[in-house]
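# What the coordinates show
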Amino acid sequence: MPAYYFDSSGIAKRYATETGSGWVRSAVAEDKNTTIIAEIGTVEVAAAFAKMPPLTFVSADEDLLDAAEAEGLPTENPNLYV
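Below or above, wherever it landed, is the structure these notes cover. (Residues numbered from 1 in each chain as written. Predicted model: local features only at pLDDT ≥ 70, side-chain atom pairs only at ≥ 80, totals over all residues. Heavy atoms only, no water.)

All right, on to the packing of aromatic side chains then. Tallied over the entire structure, the rule returns 3 aromatic pairs. Here the aromatic rings of Tyr4 and Trp23 are separated by 5.4 Å at their centres, their planes lie at 85°, and the arrangement is edge-to-face. With Tyr4 in strand β1 (residues 3-6) and Trp23 in helix α2 (residues 21-29), this residue pair connects regions lying 19 residues apart in the sequence. Residue classification places Tyr4 among the partly exposed positions, given a relative accessible area of 25%. Aromatic pair Phe6 and Trp23: ring centres 6.5 Å apart, planes at 55°, arrangement tilted. In this pair, Phe6 sits in strand β1 while Trp23 sits in helix α2, placing the two residues 17 residues apart along the sequence. (Phe/Tyr/Trp six-rings, centres within 6.5 Å; stacked < 30°, edge-to-face > 60°. Helix = DSSP H or I, 4+ residues; strand = E, 2+ residues; numbered from the N terminus. Buried < 20%, exposed > 50% of the residue type's maximum accessible area, 1.4 Å probe, protein only.)

Written out as structure tokens, the structure reads:
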């Protein structure tokens, strides 16, 4: 049973697509693997993600778009574009 220690950069690769993300996601997804992170890593990653530009919720479902807008998220409906 392998154990992997991830620093904040490794944790971020679990959630953001960048070089190495695929390997991290596969290592974390395996039930037999143990993932170890330092408590400070969660704070560092949260701070890094807070600095990122907001994500846009994309859906063709008007009810989902309305719900996302009610939560203050920017939205896009791909069906409005030719």
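Once you've had a look at it, read on.
When we look at burial in helix α1 (residues 8-15), the residues that qualify are Gly10, Ile11, Ala12 and Lys13. In this fold, the buried residues of α1 make contact with β1, α2, β2 (34-37) and α3 (39-50). One side-chain oxygen of the residue at the start of α1 lies 3.1 Å from the amide nitrogen of Ser9, identifying that residue as Asp7. (Contact = heavy atoms within 4.5 Å. Polar contact = N/O pair within 3.5 Å; in protein donor to acceptor, adjacent residues only side chain to side chain.)

Given 3.6 residues per helical turn, the α-helix brings residues three or four places apart onto the same face. Its side-chain oxygen placed 2.8 Å from the backbone nitrogen of Asp63, Asp61 serves as the N-cap of helix α4 (residues 62-70). The first or second residue beyond α4 is Gly72, which carries a positive phi of 85°.

Within the secondary structure, Lys13 sits in helix α1. A residue is classified by how much of its surface remains accessible, and Lys13, at 18% relative accessible area, is buried. At 2.9 Å, the side chain of Lys13 and the side chain of Glu18 are in polar contact. Excluding residues that lie within four positions of it along the chain, Lys13 makes contacts with Glu18, Thr19, Gly20, Ser21, Val24 and Arg25.

In this section: the environment of Gly41. By the secondary structure assignment, Gly41 is in helix α3. As a C-alpha pair, Gly41 and Ile11 span 30 residues in sequence and 7.5 Å in three-dimensional space. When near neighbours in sequence (up to four residues on either side) are disregarded, Gly41 contacts Ser8 and Ile11.

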